[in-house]
Structure formats: C-alpha cells, structure tokens
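# Structural description and commentary
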Amino acid sequence: MANLSPLVYWSQTKQTLLLKVDLKDAKGAIADFSPVSVNFSANGHGARGVHAYKFELHFYALINDETATFVVSDNKIELQIRKLEPEWWPRLVATPQKPHWLKIDFDRWRTEDDAELEEKPRDVRQDYGKEYAELQKRELGYIKEKTKKVYMIFYNLAMFVGYLYMMVVVGVLYYRDGADSIGRTYANVGNAFKFIQLLQYLEVMHPIFGYTKGSAMMPFFQVSGRNFILFLMIDMEPRMHTKPVVFYVFIIWSMIELVRYPFYLAQLLGREVGLLTWLRYTIWIPLYPMGILCEGIIVLRNIPYIDETKRFTVEMPNRWNITFDMVLFLKLYLLLLILPGSYLVMSHMAKLRSKKLGRGRAKRQQHLHAD
C-alpha cells in the first residue's frame, strides 16, 4: 500500500505555526523537527480508516526546532512550532505547489490584516515583502540580507578560515619535518592563535546585542578558559613554547572549531547537513577529554616554573596589604578543571547530543490529555 497522509490543517500568527493533524486515537506519534522541515508518522483513524499515516513538510522559512513540540489528544494531534524570525508567511511550504492533504484551518486562521489592527506603525517592506524584494533585486541586482545575518556569516567564515590556516600550517610542517616540527608549533602559529582566540571574545558580545540567543556567561567562561591557558600558561612562560603538549592542544582546539563554525554557517544559510550535525554533536566525545587532559598537563608543568619565578604571586608586605599565591591558585584550578569543570561541560554536551541525535530529537515529549 502506498504511503497514506492524514489531513493536516495549518494556521499561523506572526510568531508561531499550528498544524492540526486529523487523526483519532493516535498511537506511536513521532515528529522529527529540523530548522527547515518536519517528518511525522503515527497510527490512527484518519480519512482512509485505521492505518499508519505519515507526511513530510519543507517549510517556507526557518523554524526554531529546539522548541517545537506536539500534543496528542483523542481526536487530533497538534504540532506547535515557533518561527525563527517573526514574520507572516505567504504559504506554509517551500514550493508554490502544496500537497492535496494540506488545508487551511479557518477556525484559527489570522491574516496580516487582522494583526495590523493591534499594531501601530506599518512598513511597506513588510506589507508587500515579496514585491519589495523583487523591486530591490531589479534596482540593485541582488536582495539585501539583514545586517546581523551578513555579519554572522562573515564572522563564522573568518573564524573557520583562521583555524583552517593554523591546521594547514601545522600539518604541512609536520609532513615536511616530521616530529622535529612539534617543538616549533608555537613559534610557527602562536601569534595567529593568539589573534584568533582574542577575536573569539566577540562571541561574548553577540548574545548581549541580540546577534545570537543564550547567555553571554557561557561563551565568556569558555573563551576565558582557553585564553588563560594560551596567554598566561604558554605565552608568558618561554620554557613552555617548545613542549609537545602545546602542539596537541592546538590541534584539539582547531579540530573542534573546524566543525563548529561550518555547522553555524549551515544553520545561518538554512541548510541541514546530516554529517556536519553528527560531527558537531559527536566529535567532542574524544576531543573534550583529550583537551582537558592537555590543559591540565600545561597547568601542571607551569607550577614549578611559577614557584621559581614568583610570577603573578603577591607577597607581603605591599601597599595593598594582600597576598596571593599563584601556585595554590593553579592547584585549585586543576581540581576544579578536572572534577566539576569537566563533568559540567561533558554532561551539557551529552544532553545536547541526546536532544539533537538521540530519541529526544525524533520523539518529542508528548503531553497526553483529553479535550
């Protein structure tokens, strides 16, 4: 038997989409959301009787798949979705030709004109978005993207190129000189690494100015942790420059970012690349423990050097009447890095991986109740 699709009724507001699936007594409902599509399947009583039903929709624009969910009741299933950008869609699906089983839910339908009654100013670019875009393309030869999106695309592309450059340099030198090049890693790419790591502080500013979602604290601690190792533990101690561990930590950091930034670029461009998504939420499993181990070794190797030079140590007497023991601080840092620090980072990534790749993505939490 050919695949059967249930009747699906859709409605929208400026911020949300609501899809009502006409299935009674549904069992085993699964909704697999991505930023550009939804795959749905369930067993139930639909337009063709009791059968297994399924459908796939590719949306007109991007959605927030992280918050998308569905609710199963006795006589229907409702998929509740938030648009990534608050705007009115001229249609639900990406193509002008819609499936025959997709209908408008007139009971819940709201038009842009209805919403305008609640809104003060009107903008011709929003009222006639398609016509405005076509006019703009004829006048300029291209359609202007939002400044924030263009900036984020260039930022992520630049960071990817930066880390790729360092990996290529290290790889070529290792291929040419073998193990002899390991001790010269910092001399070859140290300055480039310092520049790119300082540039990462822009990721702390992005959520503050609304360029990305989330808190600024998480990127602040992540970037500051790396820069603590790079600037204070490696750059300021010349004896660390030739240590093999510097080679390994640079490779690990670069490999993480060579996956992360292309993944962000694909998200910005509305592309779902399965392999890239899998790598983004899997490559940390070997690399994060190795990175934590290398950073711990760097801190451990610095303890006798700092004990000898008294760098960053404040002893009495002094004008502020305070004391600070850098060696003790590094020992405490090691304890926090290895125990709670590594646990928090690994558990956070494990939850994200489960949500994106595991059953948490394919089978959204179901809230069962009767109408």
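About the criteria used
The written sequence of each chain sets the order in which its residues are numbered from 1. With the structure being a predicted model, the display of local features is reserved for residues of pLDDT at least 70 and the display and counting of side-chain atom pairs for 80 or more, all residues being used for whole-chain, interface and lining totals. Values shown for side chains rest on all heavy atoms present in the structure; no hydrogens or waters enter the calculation. At least two DSSP bridges between two strands are required for those strands to pair. Only DSSP runs of H or I reaching four residues or more are called helices, and only runs of E reaching two or more are called strands; each is numbered from the N terminus. Axis lines are fitted through C-alpha atoms, for helices just across the contact stretch, and the angle between N-to-C directions can take any value from 0 to 180 degrees. For this analysis, a ring pair means two rings from Phe, Tyr or Trp (six-membered ring only for Trp) whose centres lie within 6.5 Å, classed as stacked if their planes differ by under 30 degrees, edge-to-face if by over 60, and tilted for the remaining angles. Partly exposed describes any residue whose relative accessible area lies between the buried limit of under 20% and the exposed limit of over 50%, with all areas from a 1.4 Å probe on protein chains only and scaled to the type maximum. Here, a charge over a ring is recorded when the distance from Lys NZ or Arg CZ to the ring centre is within 6 Å and its angle to the ring normal is within 35 degrees. UniProt positions are given in the numbering used here, feature names are shortened, and annotations may be inferred rather than shown by experiment. The length a helix should cover is 1.5 Å for every residue beyond the first. Throughout, the bend at a residue refers to the angle made by two axes, fitted to the seven residues ending there and to the seven starting there. Salt bridges are defined as contacts in which a side-chain nitrogen from Lys or Arg sits within 4 Å of a carboxyl oxygen from Asp or Glu. Exposure above 30% relative accessible area and no salt bridge define the residues that can form patches, which grow by joining like charges within 9 Å and nonpolar side chains of Val, Leu, Ile, Met, Phe, Trp and Tyr within 5 Å. Exposure was quantified through the Shrake-Rupley algorithm and a 1.4 Å probe, taking into account, for residues, occlusion by the shown protein chains and nothing else.

## Digging into the sheet that holds strand β7 (residues 77–82)
Sheet strands pair via backbone hydrogen bonds, and the direction of the pair is either parallel or antiparallel. Taking strand neighbours across the sheet as the criterion, the 5 strands line up as β6-β7-β2-β1-β8 in an open arrangement whose pairing is mixed. With partners counted over all chains shown, the strands left at the sheet margins are β6 (69–72) and β8 (102–104), one partner each. The mean angle between the axes of side-by-side strands here comes to 25°, regardless of whether they run parallel or antiparallel. Two elements, strand β2 (residues 16–21) and β7, share 6 bridges in a ladder whose sense is antiparallel.

## Topic: the packing of aromatic side chains
Counted according to the given criterion, the structure contains 24 aromatic pairs. Aromatic side chains phenylalanine 220 and phenylalanine 221 sit 5.5 Å apart centroid to centroid with 70° between the ring planes, which places their arrangement in the edge-to-face category. The exposure class of phenylalanine 221 is exposed, given its relative accessible area of 54%. Within the aromatic cluster, the residues linked to one another by ring pairs are Tyr151, Tyr155, Tyr163, Tyr186, Phe193, Tyr211, Phe250, Trp253, Tyr261, Phe263, Tyr264 and Tyr281. Stacked on the ring of tyrosine 281, the Lys or Arg arginine 280 has its end atom at 5.6 Å from the ring centre.

## Things to note about the pairing of β6
Across the two faces of β6 the burial is the same, with Thr69 and Val71 and Phe70 and Val72 all buried. Of the pairings in the sheet, the one linking β6 to β7 comprises 4 bridges and is antiparallel in character. Each residue of the ladder has a partner; that of valine 72, found in β7, is isoleucine 77. Connecting β6 to the next strand, β7, in antiparallel fashion are 4 residues.

## Thoughts on the environment of asparagine 75
Looking at the secondary structure, you find asparagine 75 in the loop between β6 and β7. Along the chain, asparagine 75 and valine 21 lie 54 residues apart, while their C-alpha atoms are 9.1 Å from each other.

## Digging into the UniProt feature "transmembrane region" (unreviewed entry) in the protein chain
The feature "transmembrane region" (unreviewed entry), as given by UniProt, occupies residues 153–175, 216–233, 245–263, 283–303 and 324–346 in the numbering adopted here. Helix makes up 100% of residues 245–263 and strand makes up 0%, while its end C-alpha atoms are separated by 28 Å.

## Let's talk about helix α10 (residues 284–309)
Between its terminal C-alpha atoms α10 stretches 36 Å, which fits the 38 Å expected from 26 residues at 1.5 Å a residue. At isoleucine 303, α10 shows its strongest bend, of approximately 30°, with the proline proline 304 following within four residues. A positive phi of about 60° marks lysine 310, the residue just after α10.

## As for the pattern of salt bridges
Counted by the stated rule, this structure contains 14 salt bridges. Here glutamate 237 ties to arginine 311 by a salt bridge, and the two come within 3.2 Å at their closest N and O atoms. One end of the pair, glutamate 237, is in the loop between α7 (217–235) and α8 (244–268); the other, arginine 311, is in the loop between α10 and α11 (326–357), with 74 residues separating them in the sequence. A salt bridge links arginine 260 to glutamate 257; its shortest N-O distance comes to 2.6 Å. Highlighted residues: arginine 260 and glutamate 257, both in helix α8, separated by 3 residues, approximately one helical turn. On the accessibility criterion, glutamate 257 (3% relative accessible area) is buried. Salt bridges sharing common partners tie together Asp65, Glu66, Lys355 and Lys356.

## Structural notes on a nonpolar patch on the surface
Together, Leu202, Met205, Ile208, Phe209 and Tyr211 give the surface a local cluster of nonpolar side chains, amounting to about 460 Å² of exposed area. Note on placement: methionine 205 falls in helix α6 (residues 202–208).

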